[in-house]
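For reference, the chains in residue letters:
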Amino acid sequence: NYASDYNNQNIVISGDVFESVKISDIVVFCTPVNEIIKMINYNSTLFKSDSIIIEISSIKSTIHRILSDISTNRNNIVTLCLHPMFGPGAFIFTKNKIIFNPVDKNKREIEENLLNRIFPSFERITIEDPDQHDLAISVIISLIYFINFVFSKCLVELSNSKEFQGEGNGNGNLMQFL
């Protein structure tokens, strides 16, 4: 571990994940779902009092239950279950959307206030039930794959057509088509 000074803020930098968890005020998990579950389960007793645990993933059911247990059993920890609906190229100052799955009904107001402080200009979509979140996301992702599949099939059929290949009508080849 070593200390750094950044904008007059004392920041501790550590190469050890577990040591970082013990001393951090905010821990953000944004790794594959199975890794988030392992990390949270392994570190659940290490989280510092009054810390904030934020997880960002596409699938919520299992992680939500784990965070709910931590939030309930450790009254001094606030958890956030989030799913940003924008990619890495999103412009941060636009009206991006973020899905919020409340974790602890007893800390609901704290969770909402924290979310508003972290993402003040984002439009919040609240989905109460993590299983409903997972269903909605699976439908959205399936729709994207379905559209890509249909589009690919259309391209294959088009590329195999006589008109596209320029047979019999003198329209030329692919390059002329484009």
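Since we're looking at a predicted model, the values are computed, not measured. (Residues numbered from 1 in each chain as written. Predicted model: local features only at pLDDT ≥ 70, side-chain atom pairs only at ≥ 80, totals over all residues. Heavy atoms only, no water.)

### Some thoughts on the packing of helix α2 (residues 33–43) against helix α3 (residues 61–73)
Their axes nearest at 10 Å, the elements α2 and α3 cross at an angle of 15°. By the angle class used here, α2 and α3 are roughly parallel. For the pair α2 and α3, the sense of crossing is left-handed. Counted together, Val-33, Ile-36, Ile-37, Ile-40 and Asn-41 of α2 and Thr-62, Ile-63, Ile-66, Leu-67 and Ile-70 of α3 form the full contact between these two elements. (Axes fitted to C-alpha atoms, helices over the stretch in contact; angles between N-to-C directions. Helix = DSSP H or I, 4+ residues; strand = E, 2+ residues; numbered from the N terminus. Parallel < 35°, antiparallel > 145°, perpendicular 65-115°, else oblique. Left-handed = near helix turned anticlockwise from the far one by under 90°. Contact = heavy atoms within 4.5 Å.)

### Structural notes on the side chain of Lys-60
Tracing the sequence through the fold places Lys-60 in the loop between β4 (52–56) and α3. The exposure class of Lys-60 is buried, given its relative accessible area of 0%. Residues in contact with Lys-60, not counting those within four places in the same chain, are Glu-55, Cys-81, Leu-82, His-83, Asn-101, Pro-130, His-133 and Asp-134. (Buried < 20%, exposed > 50% of the residue type's maximum accessible area, 1.4 Å probe, protein only.)

### Describing the pairing of strand β7 (residues 123–126)
Examined bridge by bridge, strand β6 (residues 97–101) and β7 share four bridges and lie parallel to one another. Bridge pairing in β7 places Ile-99 opposite Ile-125. Regarding topology, helix α4 (residues 108–118) serves as the crossover connection from β6 to the parallel β7, and that connection is right-handed. (Pairing = 2+ DSSP bridges. Right-handed = clockwise from strand over helix to strand, strands pointing away.)

### Observations regarding the sheet that holds β4
Taken in spatial order, the five strands make up an open sheet running β3-β4-β5-β6-β7, and their pairing is mixed. Two strands lie at the open edges of the sheet, namely β3 (26–29) and β7, each paired on one side alone. Taken pair by pair, the neighbouring strands of this sheet meet at an average axis angle of 30°, ignoring direction. Sheet topology note: the strand β5 (residues 78–84)/β6 ladder contains four bridges and is antiparallel. Note that in β6 the partner of Pro-84 across the bridge is Ile-98. On the sheet, α4 packs against β4, β5, β6 and β7 and is oriented at approximately 50° with respect to β5.

### Points about the packing of aromatic side chains
Tallied over the entire structure, the rule returns three aromatic pairs. Geometrically, the ring pair formed by Phe-119 and Phe-122 is tilted, given 5.0 Å between the ring centres and 40° between the ring planes. With a relative accessible area of 18%, Phe-119 lands in the buried category. (Phe/Tyr/Trp six-rings, centres within 6.5 Å; stacked < 30°, edge-to-face > 60°.)

### Topic: unusual backbone geometry
Phi is positive for Asp-50, close to 65°, though the residue is something other than glycine. Of note, Asp-50 is situated in the loop between α2 and β4. Judged by relative accessible area, which is 60%, Asp-50 ranks as exposed.

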